[in-house]
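Here is how the chains run, residue by residue.
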Amino acid sequence: MSTLNTFSEKERDYHRYQSRQEALRVQRAVAQEFEERRAAEQVALQAVEAERQA
C-alpha cells in the first residue's frame, strides 16, 4: 500500500508541476501579446504625430 501511496503522491506532484508550467507559459504569452500591442500602438501614435507635424 505504501508503494501505491508513493506513486499517487508522485503523480499528483507531477500534475501540479505541469499545471504550474502551463500557467507560466500562458502568463508569458499574455505578457508578450501585451508588449506587442503596446509597441504597435506606440508606432501608430508616432505616425500620427509625424503626420501632424508635416
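Residues numbered from 1 in each chain as written. Predicted model: local features only at pLDDT ≥ 70, side-chain atom pairs only at ≥ 80, totals over all residues. Heavy atoms only, no water.

*Asks:* Would you mind going over the overall build of the chain with me for this structure?
*Replies:* Across its full length, the chain carries one helix and zero strands. Counting only C-alpha atoms, the chain reaches 80 × 5 × 5 Å along its principal axes. Burial status across the chain gives 0% buried among its 54 residues. Total accessible area on the chain stands at roughly 5,300 Å², and carbon and sulfur atoms take up 56% of it. (Helix = DSSP H or I, 4+ residues; strand = E, 2+ residues; numbered from the N terminus. Buried < 20%, exposed > 50% of the residue type's maximum accessible area, 1.4 Å probe, protein only. Areas by Shrake-Rupley, 256 points an atom, 1.4 Å probe, with all protein chains shown as cover.)

*Asks:* Would you mind showing me how to read the pattern of salt bridges here?
*Replies:* When the charged atoms of two side chains lie near each other, side chains of opposite charge can form a pair. Using the criterion set out here, one finds five salt bridges in the structure. With its nearest N and O atoms 3.3 Å apart, the salt bridge here joins arginine 16 to aspartate 13. Linking arginine 16 with aspartate 13, this pair stays in helix α1 (residues 2–53), spanning three residues, or about one helical turn. By relative accessible area, arginine 16 is classed as partly exposed at 45%. We classify aspartate 13 as partly exposed; its relative accessible area is 40%. One salt bridge connects glutamate 22 with arginine 25, and the closest N-O pair in it is separated by 3.1 Å. One end of the pair is glutamate 22 and the other is arginine 25, both in helix α1 and three residues apart, which spans about a single turn. (Salt bridge = Lys/Arg side-chain N within 4 Å of Asp/Glu carboxyl O.)

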